[in-house]
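# Descriptive analysis of the structure
Letter by letter, the chains look like this.
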Amino acid sequence: MPEEIKEDLELIEIELLLSAITRRYGYDFRNYAPASLRRRIRRILAREGVGTISELQSRILRDPYCMQRFVTNLAVSVTSMFRDPVFYLAFRQQVVPLLRTYPFIRLWHAGCSTGEEVYSIAIVLHEAGLYDRCRIYATDLSDELLDRARSGIYSLSHMREFTHNYLRAGGENDFSSYYTADHKNAILRADLRRHIVFSQHNLVSDGSFNEFHVILCRNVMIYFDMVLRDRVHRLLYESLGMFGILGLGLKESLRYTPHETCYEALEPAVHLYRRLR
Amino acid sequence: MMSSVEMVVIGASLGGLDALEELLSGLPADFPPPTAIAQHRRPDDSSRLVQLLASHCALPVLEPEDKDPIEPGHVYLAPPDYHLLIDGGRWSLSTEGRVSYARPSIDVLFESAADAFGARMIAVVLTGSNADGALGIQAIKQRGGIAIVQDPRTALSPVAPQAVLDSSTADYILPLGEISALLVKLCRKRVPAPVRNRLS
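Right, let's walk through the structure included here.

Conventions and cut-offs
- Residues numbered from 1 in each chain as written.
- Chains lettered and ligands numbered in written order.
- Predicted model: local features only at pLDDT ≥ 70, side-chain atom pairs only at ≥ 80, totals over all residues.
- Heavy atoms only, no water.
- Contact = heavy atoms within 4.5 Å.
- Buried area = accessible area lost by both parts, 1.4 Å probe.
- Salt bridge = Lys/Arg side-chain N within 4 Å of Asp/Glu carboxyl O.
- Polar contact = N/O pair within 3.5 Å; in protein donor to acceptor, adjacent residues only side chain to side chain.
- Helix = DSSP H or I, 4+ residues; strand = E, 2+ residues; numbered from the N terminus.
- Nonpolar A, V, L, I, M, F, W, Y, C, P; charged D, E, K, R; others polar.
- Axes fitted to C-alpha atoms, helices over the stretch in contact; angles between N-to-C directions.
- Parallel < 35°, antiparallel > 145°, perpendicular 65-115°, else oblique.
- Left-handed = near helix turned anticlockwise from the far one by under 90°.

## Here we look at the interface of chain A and chain B
- Each partner contributes to the interface: chain A provides 34 residues, whereas chain B provides 31 residues.
- Across the interface of chain A and chain B, roughly 2,900 Å² is buried in total on both sides, 43% from carbon and sulfur atoms.
- The shortest N-O distance in the salt bridge between Arg-168 of chain A and Asp-44 of chain B comes to 3.3 Å.
- One can count 22 residue pairs in polar contact (both at pLDDT 80 or more) joining chain A with chain B.
- Every element with two or more residues in the side of chain A that touches chain B is listed here: α1 (3–25), α2 (34–48), α8 (159–168) and α9 (226–238) of chain A.
- Considering each element in turn, the side of chain A that touches chain B owes the most residues, 8 residues, to α2 of chain A.
- For the side of chain A that touches chain B, the per-class residue count stands at 11 nonpolar, 7 polar and 16 charged.

Put into structure tokens, the structure is as follows:
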């Protein structure tokens, strides 16, 4: 069969798969960015040991555990603690002084995946002496990823990279003081988790659930198409108090989004913004 | 007659900086297609690579942000700690796990380009220290695109070009100094169509 026809077939099957999932489970992935979605679906085929997307669809429709795995595989993002140290450095230098003026600080980490970046902010807040005033809401689509995030357990093999990032993000303590380790894993200190609530939230379909002083949504909307991205930006905007802080990924921009003019860039190089209107 | 080339993708790792500088310096200011480069980079790589390459190139060189439009006659460098993909005429970034220990990975860019442009593209593999790029070339060849490989005997690190040659049939195997002239020749034939692909 000609290569071109096979390619169209894959697109047809993806469209049918997403439609089936929406109808069966109510999860709507139809506005996810097509290229990265396609890539992930191919990998899921290999993991599930099926040869075609139609087979995957059949399995997903009939097996809720297969569906759960699918959701997790779409939601997972491989990140590290203090990913983009310059971002956390800017957060320390620009955002922390602003937060000091509030008696009570609510933060939302939207799309927290396995939690590394949530704990990174927790450490920054702790080192600034602000943690006790904070409540961090960390949400994600996947219950499995949330369970992992909640546990605060990470592979010990990653700690060297995390330590390196932490230091470059302006950390001055001994990073190993933040976790205990066995031969395989590092377990983050319980007191870092005390004010974090991990819960399920679907950025596609769920609405605003509170008003926040800080919202971090970093490298999440890269997986959404422009229509969904703009819709999520509205949700984030509506969930952010006046003068609230929005943090995006290093290569994500507010440019050409509908709410662009509602923010000023606090630190443009790292995409930290403050809501002005 | 050969179809219009709508995208040129280039992959490099070890030795890539010098190789890319030489290649880019051979591209004229009216080089029609967009060019995308996946060069292995550390996550905390500073932005100086863009400046270094830009200083050797008549075309604008930049690191795209997510969803930036793909423009003809521009050179795009995959940013550190992201994979670069193509989505309906725009750049798309991903933070999936490293592929061949790399993020940005050459295979990820090449495979996405193959999906988007089919036969209407050229891929170039330069010096590099692992096989990242070999699978991407396979995907491109499967869809009828053109594969150019730097002659391993002239590469600082022959591993990457050799890995491609071990698993695919390249259309051209050339010393570095001849690659940009070939690109100019292959891309010159027609007025380029606007960037389009099956995902739009």
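## What about the packing of helix α1 (residues 16–25) of chain B against helix α6 (residues 176–188) of chain B?
Residue and element names in this part refer to chain B.
- Viewed as axis vectors pointing N to C, α1 and α6 meet at an angle of 40 degrees, and their least axial separation amounts to 8 Å. Classified by the interaxial angle, the pair formed by α1 and α6 is oblique. Of the two elements, α1 crosses α6, and the hand of that crossing is right-handed. Only Leu-176, Gly-177, Ile-179, Ser-180 and Leu-183 of α6 make contact with α1, whose side of the interface consists of Ala-19, Glu-22 and Leu-23.
- Residue composition of the contact of α1 with α6, by class: 5 nonpolar, 2 polar and 1 charged.

## Side note on the environment of Leu-53 of chain B
- Tracing the backbone through its elements, the reader meets Leu-53 of chain B in helix α2 (residues 48–54).
- If we skip the residues at most four places from it in the chain, Leu-53 of chain B touches Leu-17, Leu-20, Glu-21, Leu-24, Ile-37, Val-61 and Leu-77 of chain B.

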